[in-house]
Amino acid sequence: MRGLKIQNVWIRKILSGEKTMEVRSRRYDVLGQRIALGNSGNGLVDGYAFVQEIVEIPLARIPKYESKHIATKWLLQRYGNKGALYGYCLSEVNGYFQY
């Protein structure tokens, strides 16, 4: 099973349902797969999700998806030199913890 390492602040928002898109600088071949949600802070798997869609997002359009990824400012600061990012639309999220 494949997975994504995610910072604790963001994984908590995914597991609570507040965040439904995880954004990456690369496109990974996980479309249509159930993936592990790894906590980069403690190295543990905090949950699982289904990758429903992968959206290529030009950097200028990142704010359009704010309601899904809730990280526009952070993404623009971190990836300001990239031409595009990839949004992993997550569904069927199951976590070991409730936040």
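Below you will find a few notes about this structure. What you see is a predicted model; the values in this text were computed from it and never measured. (Residues numbered from 1 in each chain as written. Predicted model: local features only at pLDDT ≥ 70, side-chain atom pairs only at ≥ 80, totals over all residues. Heavy atoms only, no water.)

## Focus: the pairing of strand β1 (residues 3-6)
Here β1 shows one buried face, formed by Leu 4 and Ile 6, and one open face, formed by Gly 3 and Lys 5. Examined bridge by bridge, β1 and strand β3 (residues 34-39) share four bridges and lie parallel to one another. Across the sheet, Gly 3 pairs through a bridge with Ala 36, a residue of β3. (Buried < 20%, exposed > 50% of the residue type's maximum accessible area, 1.4 Å probe, protein only. Helix = DSSP H or I, 4+ residues; strand = E, 2+ residues; numbered from the N terminus. Pairing = 2+ DSSP bridges.)

## Points about the packing of aromatic side chains
Given two aromatic rings, their pairing is described by the distance between the two centres and the angle made by the two planes. Using the criterion set out here, one finds four aromatic pairs in the structure. With 6.5 Å between their ring centres and 35° between their planes, Tyr 28 and Tyr 88 make a pair best called tilted. With a gap of 60 residues between them, Tyr 28 in the loop between β2 (21-24) and β3 and Tyr 88 in strand β5 (residues 84-95) connect regions that are remote in the sequence. Residue class for Tyr 28 comes out partly exposed when judged on its relative accessible area of 29%. Here Trp 74 and Tyr 79 contribute two aromatic rings whose centre-to-centre distance is 6.4 Å and whose plane-to-plane angle is 80°, an arrangement assigned as edge-to-face. (Phe/Tyr/Trp six-rings, centres within 6.5 Å; stacked < 30°, edge-to-face > 60°.)

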